[in-house]
Each structure stands twice: as C-alpha cells, then as structure tokens.
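Summary of the model geometry
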Amino acid sequence: MKVLKMEVGMLGTNCYIAVNEATGHGVVVDPGGDGDRIVDAIKKEGLTIDAIFITHGHSDHIMGLEEVRKATGARVYISEADAEMLTKATSNLSAYMGMDAAFAPADKIFEDGETVTEARLDFKVLTTPGHTRGGVCLVCGDVVFCGDTVFAESIGRTDLPGGSYKQILDSIKTKLLVLPDETKLLPGHGPATTVGWERRRNPFLQ
C-alpha cells in the first residue's frame, strides 16, 4: 500500500489516499475540504477510488465529500454513531461556522472489529469514541488512519458535543497502545507518529 497525503480545508485536515499499487485502486480517507484538489490528485495518479472512509463526522473531515463522491462513485463508510453528522449541519458543526453542510447518507456502516476490504486492501475497524461518539481508527497492515483520536504528542479535543476525555484515553490505551510500537499512526491533523513514540512521549498517556 502507498499512502498519499494532502492537507485540505480551512483547518489543514489530513486527507489520505490509500493506494493498492498492484491494482491502481484506492480509498480516500477523510475528504475534509478542497474536493477539487482531491479529485485532481486522483486523476493525476490515474486511480480508481472504490470507497471513501470517514473517521468521524466533524465538518472539517467531510467538506470535500460531495465532490469526491460525485467524481468517483465511491461507497461512503461511517460509524452508526456518527452517521447523522453527514446529513445534519448542526450535528457536524458546520452550522455554527456559517456553512450548513449536509450530505447524502453513508452507503455502509463501520462495525467495531470487522475487516472491511476495499481496493483489495484489508482495513480493520477499531471504534475509538472520545473525540466524537462514533470515531473510528482504521488499521491496514502496519498503518493506522486514526482521525482525531490521537496526534503526535497530543490527543483529540473532547469539549465538543459527544466528546469525552475519559473515553478518548480509554480508546487510545485499549485499542491503539496495544499495537506494536513500530505501527505508524496517520492522524487527522499534523505529522505522522508511531505507537511506540506516543507510548513514551505523549503527556496525556503517561
């Protein structure tokens, strides 16, 4: 798997494209804005996008969804607990930013512990509530797309609706820190990190 990263939208959200180099198919993770740029990158790489994965439903992770979905015809996945955030601007918080973003419902619902196969890549779904009620992390080989659950030496904010400081720490400790130290974490904002680094250096996890 090759991973392409783009910073998109007003908040510099990390949008990732996970590519199966053997097939030329891929998956978009968190199209948080600048949908035209994401589509251009897909076309430049000559990719067929089979699915769009949403790690959680905040507006800065979904603002480019409609353009990418329309251009690719890809299936959209989100958790049941965050599903309403796709369709209601008040739930995804865009209503409070003057944007009122609402989209068609997801095509598929993530289930905790299941393995989703798209683009002939296997993604294990880990539910990691705390930043939102329905946040998920997606494990593919030794890489985790972890949304806003954990960042390099930090964690996702928990003061927004559906957030819980206790839950996010529990999610990180029971779902992510049990993975091998060399596992790469690709967060929704900022630089990549590893499980081992966060275990040793993240002040919230000590």
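Basis of the calculations
- Residues numbered from 1 in each chain as written.
- Predicted model: local features only at pLDDT ≥ 70, side-chain atom pairs only at ≥ 80, totals over all residues.
- Heavy atoms only, no water.
- Disulfide = S-S within 2.5 Å.
- Buried < 20%, exposed > 50% of the residue type's maximum accessible area, 1.4 Å probe, protein only.
- Helix = DSSP H or I, 4+ residues; strand = E, 2+ residues; numbered from the N terminus.
- Salt bridge = Lys/Arg side-chain N within 4 Å of Asp/Glu carboxyl O.
- Arc of directions from axis to C-beta.
- Contact = heavy atoms within 4.5 Å.
- Patch = residues over 30% accessible without salt bridge, like charges linked within 9 Å, V, L, I, M, F, W, Y side chains within 5 Å.
- Areas by Shrake-Rupley, 256 points an atom, 1.4 Å probe, with all protein chains shown as cover.
- Lys, Arg positive; Asp, Glu negative; His and termini not counted.
- Charge placed at Lys NZ, Arg CZ, Asp CG, Glu CD.
- Core = buried A, V, L, I, M, F, W, Y, C linked by side-chain atoms within 4.5 Å.
- Right-handed = clockwise from strand over helix to strand, strands pointing away.
- Pairing = 2+ DSSP bridges.

A look at the state of the cysteines
On inspection of all chains with the given rule, the structure shows 0 disulfides. Unpaired in terms of disulfides, Cys-137 finds its nearest cysteine sulfur in Cys-146, a separation of 5.4 Å. Since its relative accessible area comes to 0%, Cys-137 is described here as buried. The exposure class of Cys-146 is buried, given its relative accessible area of 0%.

Observations concerning unusual backbone geometry
Of note in this structure, Asp-34 is not a glycine but carries a positive phi near 50°. Located in the positive-phi region is Arg-120, a residue other than glycine, with phi close to 60°. Its location among the elements puts Arg-120 in the loop between strand 7 (115-118) and strand 8 (121-127). Exposure remark for Arg-120: the relative accessible area of 71% places this residue in the exposed category.

Looking at the pattern of salt bridges
Opposite charge on two side chains permits them to pair, given that their charged atoms come into close proximity. A complete count under the given rule lists 7 salt bridges for this structure. A salt bridge links Arg-37 to Asp-34; its shortest N-O distance comes to 3.2 Å. A relative accessible area of 37% places Arg-37 in the partly exposed class. Of the residues examined, Asp-34 reaches a relative accessible area of 33% and is grouped as partly exposed. Across the salt bridge formed by Asp-159 and Arg-157, the nearest N and O atoms sit 2.8 Å from each other.

Some thoughts on helix 1 (residues 35-45)
What helix 1 keeps buried is the set Gly-35, Ile-38, Val-39, Ala-41 and Ile-42. Take helix 1 and look down its axis: the buried residues cluster within an arc of 160°, on one side only. Along helix 1, exposed side chains directed more than 90 degrees from the buried face belong to Lys-43 and Lys-44. Residues of helix 1 that are buried make contact with strand 1 (2-8), strand 2 (13-20), strand 3 (25-29), strand 4 (48-53) and helix 2 (65-72). Looking one or two places after helix 1, you find Gly-46, whose phi comes out positive at around 65°.

So, a negative patch on the surface
Taken together, the side chains of Asp-36, Asp-40, Glu-66 and Glu-67 make up a negatively charged region of the molecular surface. Of all the secondary-structure elements, those providing two or more residues to the negative patch are helix 1 and helix 2.

Considerations on the nonpolar core
Ranked by internal contacts, the top residues of the largest apolar core, which has 25 residues, are Ile-17, Val-28, Ile-38, Ile-42 and Ile-52. When residues of this core are traced back to their parent elements, those giving at least two are strand 1, strand 2, helix 1, strand 4, helix 2 and strand 5 (75-79). Considering each element in turn, this core owes the most residues, 4 residues, to helix 1. Other than its neighbours up to four places away in sequence, Ile-17 contacts Lys-2, Val-3, Leu-4, Val-27, Val-28, Ile-42, Leu-47 and Ile-49.

Quick look at the pairing of strand 5
Burial of strand 5 is extensive: 4 of the 5 residues sit out of reach of the surface. After leaving strand 4, the chain enters helix 2 and then returns to the sheet as strand 5, a path that is right-handed. Sheet analysis places strand 5 next to strand 6 (residues 108-110), joined by 3 bridges and oriented parallel. In the sheet register, Tyr-77 faces strand 6, and the bridge partner there is Lys-108.

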